[in-house]
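In case you want the letters, here they are:
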Amino acid sequence: MKTPFFLANELAAFLLPLLAITFALAVESRWRRKILFGGQLAALFCALMGWMLGLMHGANQTLFDTGFLSWRLDVLTSSIVLGITFIAAVVFAFSERYLGGDPSRDKFLCMLSLLAPCAACLVLTDNLILAFACWHLLSIGLLQIMLLNADSSRSPQTVFKYHLFSDLLFLLALVLVASNTQDIGFSHMQAVLPSLNNSLRVFGLAIPVSVGAFASILLVLSFSIKSAIFPFNGWLLATLNAPTPLSGLLHAGVVNVSAVMAWRLAPLLQEHPTVLLAWGLLAALSALVGTLCMSAQPDVKKKLVYSTVGQMGFMALQCASGAIGAALFHLLAHGLFKCYMFLQSGSAVAEGLDKRKFGSIQVDAVHSASSIWSKIFVMALGAAASIGLYVLCVNNGFTGISAAITACALFCGMPALERIDFKSLSLFWIAVMGIVLGGGLLSSTFEHLVQVGASANQWLLPLVLALFALISIALQIGRNSSLAKALYVHSLSGFYVDEISSGHSIAIATRQ
Amino acid sequence: MKDNKVALAQNLDDAISEATACINAFYPLTNFIACNALKGWENIPFAEAMRKSRELFGARGFLKLSDYRAMYETGRIAPQDLEDAFHRSYSDKQERQPGAFTRLSVSEMLDQVHGTDLVEIINKQMIKWCGAYLDRTQAQWRPNTKAQGLYAFWKDLAGHDFSMWLRGVWDWSDSVSALPQHSSLALNELLTELQIQGDVVSQYLQRHIAKLPGFASHLKWLEAEQMQKGIMRDFLAIRLHYEIMLANAVCKKLYKSSDLACVLSLLETKIASMGNADLSDHDDYEPVWQEAYELNYRNRLLSALDTKLTVTNDNAACQLVFCIDVRSEPMRRKLEQLGPYSTYGFAGFFGMAMRLTEIGSALPIDLCPVLIKPQKQVVETAAANTIAKRISWQALKVGALQLKKKLKCNLAGAFGLVELLGLCSAVPLIAKTFSPLMSKSYWRQIERSITEPLDSNLDLSAFSLDDKVSMAAGAIAGIGLAQFGKVVVLCGHKSSSTNNPFASSLDCGACGGNGGGYSARLAAQILNDKAVREQLSLKGINVPSDCVFIAAEHNTTTDEFVFFDAEELTEMQVAIVSKLKNDLLVAGRSLAMERAQTLPESALDILNDPAQRACDWAQIAPEWGLAGNAAFIAGPRQLTKSTDLNGRVFLHSYEYTMDKDDKVLELIMTAPLVVAQWINMQYYLSTVDNSVFGSGSKVVHNVIGDFGVMQGAASDLRIGLPLQSIKNDDQYRHEPLRLLSILRAPLASIDRVLAKHAQVRQLVANRWIRLVSLNPADNRFYEADDCGKWRQIELNPHILSPSPVAHC
């Protein structure tokens, strides 16, 4: 009975900003921004209402079927829609001031108000065609918004090329699926899967690959490009020529849509564990490369870009190992985190100064006995939290545990630790570990919400995490070796993605 | 043999310093110092320097002709101005020798002839390596090399780099290890290989410097500060190595020849046949237009000044000393309207240089203009208990920050960190975006509940009594205080903004890009010292015992004032101070609201409030800084008191009758005037060509290390001011006018100072500043063409008051 109201809220969450744009175009500049702002806030309010209804609604998925336009309604969907509208509203408010004095501000804000509804619609719709339309609109919106500030650089075109390629792969996969199943709804996927087992025919020639497998390969490739997974991360670097808030939105929103699609298409992908495994390995490589590159970069924005490359790799890895719920949680958490980091990126100068003032080892520092107790306390609490995570979480919370243990080890090695008095330290650390436990529990709740059935490759995630821990320790031990130096240089150079992908490389360009 | 080597190295160093004359040291953003980017060319006429900069950097040195014409249409430049400008330029005209044929670098030649992009490739590598080497705070992973210096660091690592290999340089790794251990040997070898010898060396190196001027400028700063000796040489050696390796590869590919020398001579003839692109004088009228533009402003300003000066005593009970910064002028004007206050202008460090160590800090800061190196260390102290709490809190904050950064870069921690911390980021996202002021005050409350309010003192034990007395006497003479009221407020200034890489560019330049509060406190403490006052009275400076000096700090973003540790005050002084505080509140509020009208606005009106701007992380233009600056006036306040100068003028107090031996005049002309010229030139250059001398739009800035910004993923280090500091939408806030300096002093005194200081004289003679004297002998204005050459200025009586804000 509540479903229509639920639906109304969700639809309003992406229709209101669009409505605001149409009104805004009719009035003068100052009011235009107010109206757009109003649209954003109203959308956020509706998304919040929808989310609360979703919580009441519970985990069972509902399909609001109206034929062509059918919508997915459940708590997960509404959570993601809430995340999208939240980030959109924050980024909008931020840009409204940040682009002050920039002649392109109004256009930028209009375009910004367009992007979020596309993403939200993509999440809500159950229709393959509408989903693709949104998917592609995101690319076009991105191109347009980058063209606003493009001075002479070719970066908007570079970015668009990647996206176009991703969109084409996605389109091809959808056409294959739809033409073979005679169906365009995500939710019927499970039922019509057998029809995809026919082998692929090209011009009458049978190829020994089933339609489903081929479509999966296409999808996985398309997702990898869209999420800027290594080695397809070239476009993400090129977006740095656009204003900071756009990066905030991009890293929080656009790169994540592939996880949403992976979720929708999970039944199909689960049928082809080998494809998923290949994707998982590529994703793990991306997680590794992204994180290494990030730690070698000397500037704040490239650090954030490579961090996203790593995080997207990890998210894809979660998808590939069947932990779709965890991936969706990662998507939300990473979106908020990265958005914050980007908007905050101007503080790097002040932070660097603080670090040099207060973070280094000081000769006259108070070396008290309490510093040993501090370390013991830090370690003990970390261990307790880890055990808690292991016991309480669904998939044993390995991600959280490895982070908690690493945090303890890193914190104990810090010179600043010796100057913190025990009382503040214990309060701080209890709060941190509280956040760790809370976050772990929340993510495990999320995993409950997704029902994907038995999933393939479940062993992959803990294995990769263990491997990463080993690599991290090995790098620490062998940091003087020439191998580590070489790895550092490759990481500093971003593993040469730019050199290889930027057309005129390999040999020296000669335009005679 | 050894002598030969030493001589060779010496020659090389000379050539390098000649080559780097085209750039100026670029200070790190943590202490942004306004500089004239073309300082090295102050020994040649201004117009000539602009022509050279066009040749070398492709930079525009003047506004566009269409801009000038538009100003002519609107009357901003009058026909009379243009006529006068023609006269003056005509008399200036010197025969200019045709520009010597500039030799291009090898990479440039190949790029031009074969359409390769070697310069771009080399730049990209240099940016990568310089960034990696110079960054001290961002990258969590720094390789453990024992190498000292940029060259050694690079040589140790670059062999592992595949970038060159991917570009077709197959023997890259071997070539790096075959280089000599020391960069001066390497540079010599490389220059020999390129067949560059003798006089052309510096020219050739200059071509390379000009390809990456931002990073080179920062390296020049590092070298000048003696922190990294020879880093410029390292930089050039690495560049040349890249150039040679790439050029060899191209030659092999295109000419099937490994004889670089042979190919080079071939290239040179080709370039010569292509003809030197028309860099020659394509427009000689820009300098004339600029002159006319400036004459117009000069005439308006001069006719607005009140030249009928009468000698009056300063009887005000409350005197305030502000920094000469242009932002002080409107504040002084507003305050003077509210009561019998007399205000003075003096450099914001009050002539008292110190190196200060704040509580808990490992990094002392120099609180004085960069022309001076402070000799004395001052330590901030407080009660032991407060210090401990403070240090603990600082360590906790920075520890948490470092933990987050380290975890983010750790393979085992990065993914978990994001999942666990991610949803928590929603809180600061909302708070900082929608209510910056409230979130700041909550944070303050948390901070206060943990640390006790800081009641700190400055430990002046490094200063002897004689030091203090001479500094105090210098300050009193420099400010020109003859009578002392009951209360003298020494007012430093600082700005407040957050999430702003250019924050320190808004702070006090006289305090080395820091806030001015500490300097004011130091000065007040010294001037209140009983022992100092006793000694002063022996020197004939009688500070009455009922006069107290109080330190204050003017926040230029919100125009609010903070008063520091006031001594025991008498009842009368308490009354004066409380009235003053009240008046400052009123004056500041009105000034801040006026400024808010000109800054970019948000649709959310509440966030346009200055107090919100000061702590808003989304705010790109918290205030205007020194935009609009156009003139420097040293003279009594009476001269300017009746005029609204619109915050465009540096006001320095000066009374020539009190300055018998021209000591103060000499100080003014060699220090504050020079610093004002730096600031003025930085704004000038950033306005006329922001893409070369400015730092472009802030919205795409990418902070590298904690010392500079790039644009986008990788670009040259951007020096100069961002667009947002000089314009709002299409409205320029800054008018590019060379500094008009007006001194109320006898011509002969000024001449004496000019004759003594060649540095200042060349600024005048080469038209980097316009020097005008209000000659006390006949109360008329004279303009200097050079030392000893004065022309009387005829003012048209119908001239309007100085133009308010820029319209370009």
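Residue indices follow the written sequence of each chain, beginning from 1 at its first position. Just so you know, chain letters begin at A and ligand numbers begin at 1, following the order they were written in. Residues qualify for local features only when their pLDDT is at least 70, as the model is predicted, and side-chain atom pairs are given and counted only at 80 or more; totals for whole chains, interfaces and linings, by contrast, use all residues. To get the side-chain values, take all heavy atoms of the structure and skip hydrogens and water.

**Some words on the overall build of chain A**
Only DSSP runs of H or I reaching four residues or more are called helices, and only runs of E reaching two or more are called strands; each is numbered from the N terminus. Scanning chain A from terminus to terminus reveals 22 helices and four strands. Only C-alpha atoms enter the radius of gyration, while the globule expectation follows 2.2 Å times N to the 0.38, with N the number of residues. For 512 residues, the compact-globule estimate of 2.2 N^0.38 gives 24 Å, and chain A sits close to it at 24 Å. Taking the principal axes of its C-alpha atoms as reference, chain A extends roughly 75 × 70 × 60 Å. Looking at chain A as a whole, 62% of its 512 residues qualify as buried. Within chain A, contacts between residues separated by at least 24 positions form 76% of all contacts whose residues are at least 6 apart in sequence. In this description, accessible areas are obtained by the Shrake-Rupley approach with a 1.4 Å probe, and a residue is regarded as covered only by the protein chains that are shown. Looking at chain A as shown, the accessible area adds up to about 18800 Å², and 71% of this sits on carbon and sulfur atoms. Only protein chains enter the accessibility calculation, which uses a 1.4 Å probe; a residue whose area is less than 20% of its type maximum is buried, one above 50% is exposed, and one in between is partly exposed. In this analysis, two residues are considered to be in contact whenever any of their non-hydrogen atoms come within 4.5 Å of each other.

**Side note on the pattern of salt bridges**
Residues and elements named next belong to chain B. Salt bridges are identified by distance alone: a Lys or Arg side-chain nitrogen within 4 Å of an Asp or Glu carboxyl oxygen. Taken as a whole and assessed by the stated rule, the structure comprises 50 salt bridges over all chains. Its salt-bridge partner being Glu 55, residue Arg 51 comes within 2.7 Å of it at the nearest N-O pair. One end of the pair, Arg 51, and the other, Glu 55, are both in helix 2 (residues 46–57), four residues apart, so they sit about a helical turn from each other. On the basis of relative accessibility, which here comes to 26%, the residue Glu 55 falls in the partly exposed class. Between Arg 791 and Asp 785 there is a salt bridge, with its nearest N and O atoms 2.9 Å apart. The class of Arg 791 is partly exposed, set by a relative accessible area of 33%. Overlapping salt bridges, with partners in common, bring together Glu 291, Glu 294, Arg 298, Arg 738, Arg 767, Arg 770, Glu 783, Asp 785 and Arg 791 in one network.

**Topic: the packing of aromatic side chains**
Residues and elements named next belong to chain A. Here a pair means two rings of Phe, Tyr or Trp (six-membered ring of Trp) with centres within 6.5 Å. Their orientation is stacked below 30 degrees between planes, edge-to-face above 60, and tilted elsewhere. What the rule picks out here adds up to 45 aromatic pairs over all chains. Between the aromatic rings of Phe 428 and Trp 429, the centroid separation amounts to 6.1 Å while the plane-to-plane angle is 50°, which identifies the pairing as tilted. These aromatic residues form a ring-pair network of at least three members: Phe 132, Trp 135, Phe 170, Phe 223 and Trp 279. Only when the NZ of Lys or the CZ of Arg is both within 6 Å of the ring centre and within 35 degrees of the ring normal is a charge said to sit over the ring. Of note, Lys 34 hangs over the ring of Trp 31, and the distance from its end group to the ring centre comes to 5.2 Å. Looking at Arg 264, its charged tip hangs above the ring of Trp 263, at a distance of 4.2 Å from the centre.

**What to know about the confidence of the model for chain B**
Parts of the prediction with low pLDDT should not have their coordinates interpreted in detail. In this model, chain B carries a mean pLDDT of 89, and residues with pLDDT of at least 70 account for 95%. Counting contacts from residues 801–808 of chain B, a segment whose pLDDT is below 50, to residues more than four positions away or on other chains yields 27 contacts. On a scale of 0 to 100, pLDDT captures the predictor's confidence in every residue.

**Regarding empty space enclosed by the protein**
Residue and element names in this part refer to chain A. Lining residues are defined by having an atom within 4 Å of a point belonging to a cavity or pocket. Those points lie on a 1 Å grid over the protein atoms alone, cavities being sets where a 1.4 Å probe fits but cannot get out and pockets being open sets with protein on both sides within 12 Å along at least five of seven lines. Grid points are joined across faces, edges and corners, and a volume is the space filled by probe spheres set on the points. Applying the stated rule across the entire model yields 14 cavities of 30 Å³ or more. Lining the largest cavity are 18 residues, with Ile 84, Ala 119, Ala 252, Gly 253 and Val 254 positioned closest to its centre. Those elements that place two or more of their residues in the lining of the largest cavity are helix 3 (75–98), helix 4 (105–124), helix 10 (244–252), helix 11 (257–264) and helix 15 (324–343). Put simply, Ala, Val, Leu, Ile, Met, Phe, Trp, Tyr, Cys and Pro go in the nonpolar bin, Asp, Glu, Lys and Arg in the charged bin, and everything else, Gly too, in the polar bin. Among the residues forming the lining of the largest cavity, the class breakdown is 15 nonpolar, three polar and no charged. Taken domain by domain, the makeup of the lining of the largest cavity includes at least three residues from each of domain 1 (1–125) and domain 2 (127–345). Throughout the structure description, domain borders are defined by an automatic or database domain assignment.

**Structural notes on the interface of chain B and chain A**
Opposite the 117 residues of chain B that make contact, chain A presents 126 residues. Surface buried jointly by chain B and chain A totals about 10900 Å² across both partners, of which 65% is contributed by carbon and sulfur atoms. A simple way to read buried area is as the amount of 1.4 Å-probe accessible surface that goes missing from two parts once joined, with both sides added. Of all residues in chain B, the largest losses of buried area upon contact with chain A belong to Trp 141, Leu 411 and Phe 415 of chain B, amounting jointly to 8% of the total for that side. Inspection of the chain B/chain A interface yields eight salt bridges. Of the charged contacts, one joins Lys 405 of chain B and Glu 351 of chain A as a salt bridge, the two residues approaching to 3.0 Å between their closest N and O atoms. In protein, a polar contact requires one atom able to donate a hydrogen and another able to accept it; more generally it is a pair of N or O atoms within 3.5 Å, and residues adjacent in sequence count only if both atoms are side-chain atoms. Our enumeration of links across chain B and chain A arrives at 40 residue pairs in polar contact (both at pLDDT 80 or more). Residue contributions to the side of chain B that touches chain A peak at 16 residues, all from helix 17 (residues 384–408) of chain B. Taken together, the residues that form the side of chain B that touches chain A break down as 58 nonpolar, 36 polar and 23 charged.

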